[in-house]
Amino acid sequence: MEYLHPYSRYGLALVLEENGLNSPEEVSHEHLRNELIRGLGHFRLKPAETYEGAENVIFHYMTYEFIQSNSVFQNKGNTDEGIFLCPNIITSDKGAGQLWSGTNSILEKLNGQDETNENLTMSVFAASAKFNNGKKSQSTPKALLSEVACAAITNTTPFKPCLAYRVLKGGKTERSNTAIIPDLSLGKMVLFISLFKSMQSDVRKDLMIGRVFPETKGKGEKAKTIFKPWRPKIFNGNFPNPPQSSALGSVALLGAIGEWSKKANRWADGKAVLESLKNVPIYLVSYGSAKVYNFNHYIIDLAKEDKLNTIIDSVYYTKLFNTDNRSQNKNEYQVYDLLASRFLQLFNRPAFLDFLAFRGEYPNQIENLFITYFTKMEKIPIEIVQSAKILGSWLNYAAYLAAKNDKDNKTADDFKKAKSKFLVELESSAFSARRGDALVFQVIRRAALLSSSDAPSEADLYIEKTCSGELSLDVAKNLVIAFSRLKSKYQKSPEVEEEKDDNSEEDSSIDTSEYNED
């Protein structure tokens, strides 16, 4: 017995893994009941301590018995007091009560041993839908009790990858609890779950911490400060290093597996799980919706090399040109994140061009992504890519020098805007070229004027192949533009340079100081 749909198969695999069972035939109704009760014991979160005047607060789960005897929490929480529907409960806030009652109904039926046919409703499988099946009226799909119970287990268990997917609508953030379910065979699903549970155990305490913010209500003498707990980190993802942007959630899971496996000395296990995810559909299931993704095998290889997480961080900390930071321009950055995620999933030229259309300056660590794309997907020899990277680095440095020498720049913000302006000038020179030799001449001439320096000799191979036409014009443009956007880890704003000790080591980590987001 191996259920066709991965949602039920995941629940079955979890029961096998939790109980050390070898085959589905060993699964009893009691096993299914225990797992459902465990899932409902992770239904709502609340602060575990007093948070008045605190900066952070630890959260914990309300018990199944407490919610069962206090029906108000079955139907709604209280965000002002930090009582939230857990991200592993795949339903909407309005549908929480139906999920609770629907799952409890399955629990009651599991008291017996009969394998009855049951409705596969949205209360036990968030993406279920009615269909007409050739009849005049629509009907709810049915399945055996055990399969419905396994779907309900997946719908509620905390032992699955999940996050609260955030979408900006009308200036407000809407959250949708979303599960990430791979379509693996039963045996491989058990291995995936085993590794994922180990990953969770290492970070569970850290993810249960939420910030507390003071709010002032009223004016004058009637003004009063109240403290409001925000959702803990687990809503960004219940795995190590969850993404700051939910649009990157599914690919961030791959990066987390690679990074954690290496740190935990489970490298062989992590590589095996990642290898099993190649060319496998991955379902993102939220209430009333299911999306299917396949990740390019080169992206999974980056995860196996423990390079993907750094790339994902670099995507998030990109500074788009001519826009405010993330907290002030959420719409622009949200679209950028979606296109970045699409590029990481599809990893083809159309997706790359959509990603490149958002002009910005990337942290240096994203270079591994570009090198992999150009060498593997565009089939450009690594020597030419490295040569283009050196030219791009010089172009970025030329913009840096031009901004640094601009006397009108009095603040760090002025400096950043000036550098962005010079980078856009260089890109415009590249875009306007009609031939390879014109591309090289226009870009290098403009950069030399800005920086009073010459292009490095290591760029000669790229220049030769571009001028000869061996590199197509479009590919040559994409190469130099992509690498010119990489910020060197040795470049600092003038204010920082004056304070820096000449003998100190450069910090190669990603600078996140200007990207604080509420």
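These figures come from a predicted structure and were not determined experimentally.

Reading the values: the criteria
- Residues numbered from 1 in each chain as written.
- Predicted model: local features only at pLDDT ≥ 70, side-chain atom pairs only at ≥ 80, totals over all residues.
- Heavy atoms only, no water.
- Helix = DSSP H or I, 4+ residues; strand = E, 2+ residues; numbered from the N terminus.
- Rg over C-alpha atoms; globule rule 2.2 N^0.38 Å.
- Buried < 20%, exposed > 50% of the residue type's maximum accessible area, 1.4 Å probe, protein only.
- Contact = heavy atoms within 4.5 Å.
- Areas by Shrake-Rupley, 256 points an atom, 1.4 Å probe, with all protein chains shown as cover.
- Salt bridge = Lys/Arg side-chain N within 4 Å of Asp/Glu carboxyl O.
- Core = buried A, V, L, I, M, F, W, Y, C linked by side-chain atoms within 4.5 Å.
- Axes fitted to C-alpha atoms, helices over the stretch in contact; angles between N-to-C directions.
- Parallel < 35°, antiparallel > 145°, perpendicular 65-115°, else oblique.
- Left-handed = near helix turned anticlockwise from the far one by under 90°.
- Nonpolar A, V, L, I, M, F, W, Y, C, P; charged D, E, K, R; others polar.
- Phe/Tyr/Trp six-rings, centres within 6.5 Å; stacked < 30°, edge-to-face > 60°.
- Expected span 1.5 Å × (residues − 1).
- pLDDT = per-residue confidence, 0-100.
- Pairing = 2+ DSSP bridges.

**Here's the deal with the overall build of the protein chain**
Helix and strand content of the protein chain: 20 helices and 14 strands. Against the 2.2 N^0.38 benchmark of 24 Å for 518 residues, the protein chain shows a C-alpha radius of gyration of 26 Å, consistent with a compact globule. The principal-axis extents of the C-alpha atoms in the protein chain amount to approximately 80 × 65 × 50 Å. Split into buried and exposed, the 518 residues of the protein chain put 51% on the buried side. A sequence separation of at least 24 residues applies to 69% of the contacts in the protein chain between residues at least 6 apart. When the accessible surface of the protein chain is totalled, it reaches about 24300 Å², and 47% of it is carbon and sulfur.

**Some thoughts on the pattern of salt bridges**
Counted according to the given criterion, the structure contains 23 salt bridges. The shortest N-O distance in the salt bridge between Glu275 and Lys278 comes to 3.4 Å. When its relative accessible area of 37% is taken as the criterion, Glu275 is described as partly exposed. Each of Glu17, Glu18, Glu35, Arg38 and Lys197 takes part in a single network of salt bridges with overlapping partners.

**Some thoughts on the nonpolar core**
Core analysis: the largest hydrophobic core is formed by 154 residues, its most contacted members being Phe370, Phe374, Tyr462 and Leu479. Here this core takes twelve residues from helix 15 (residues 382-404), the largest share from any one element. When neighbours within four sequence positions are excluded, Tyr462 is seen to be in contact with Ile384, Ser387, Ala388, Leu391, Leu439, Leu471, Ala476, Lys477, Leu479 and Val480.

**Observations concerning unusual backbone geometry**
Only a minority of non-glycine residues have a phi that is not negative, and only a minority of peptide bonds are not trans. With a phi angle near 60°, Lys379 is a residue other than glycine that sits in the positive phi range. Residue position: Lys379 is located in the loop between helix 14 (367-377) and helix 15. Located in the positive-phi region is Ser452, a residue other than glycine, with phi close to 55°. Inspection of the secondary structure assignment puts Ser452 in the loop between helix 17 (436-451) and helix 18 (460-468).

**Observations regarding the environment of Val285**
Secondary-structure assignment places Val285 in strand 10 (residues 282-286). Not counting residues within four places of it along the chain, the set of residues in contact with Val285 comprises Tyr7, Ile90, Ala126, Ala127, Asn177, Thr178, Ala179 and Ala290.

**Describing the packing of helix 13 (residues 349-356) against helix 19 (residues 473-484)**
Put simply, helix 13 and helix 19 touch, their axes get as near as 12 Å, and they point 45° apart. What the angle tells us is that helix 13 and helix 19 run oblique. Crossing geometry of helix 13 relative to helix 19 is assigned as left-handed. Together, Arg349, Phe352, Leu353 and Leu356 of helix 13 and Val475, Asn478, Ile481 and Ala482 of helix 19 make up the contact between the two elements. Here the contact of helix 13 with helix 19 is built from residues that sort into six nonpolar, one polar and one charged.

**Overview of the packing of aromatic side chains**
Summed over all chains, the structure comprises 27 aromatic pairs. Ring centres of Phe59 and Phe84 lie 6.0 Å apart, and the angle between their planes is 35°; on these two criteria the pair is classed as tilted. Here Phe84 lies in strand 3 (residues 84-85) and Phe59 lies in strand 2 (residues 56-61), a separation of 25 residues in the sequence. For the pair Phe59 and Phe84, one class covers both residues: buried.

**Points about helix 16 (residues 412-431)**
Given 3.6 residues per helical turn, the α-helix brings residues three or four places apart onto the same face. Here helix 16 contains 20 residues, and its C-alpha end-to-end distance of 29 Å stays within 8% of the 28 Å for a straight helix at 1.5 Å per residue. Residues Phe415, Ala418, Lys419, Ser420, Phe422, Leu423, Val424, Leu426, Glu427, Ser429 and Ala430 constitute the buried set of helix 16.

**Re the confidence of the model for the protein chain**
Averaged over all residues, the pLDDT of the protein chain equals 88, while 91% of them reach at least 70. Taken as a whole, residues 130-135 scores under 50 in pLDDT and shows eleven contacts with residues more than four places along the chain or in a different chain. A low-confidence stretch, residues 496-518 (pLDDT under 50), is modelled with 35 contacts involving residues beyond four sequence positions or located in other chains.

**As for the sheet that holds strand 8 (residues 209-217)**
If you trace the five strands from one edge of the open sheet to the other, you get 3-1-2-8-9, paired in antiparallel fashion. Only two strands of the sheet have a single partner each, and these edge strands are strand 3 and strand 9 (224-229). Bridging between strand 1 (residues 44-47) and strand 2 involves three bridges; their strand directions are antiparallel. Pairing of Leu45 across the sheet is with Tyr61, part of strand 2.

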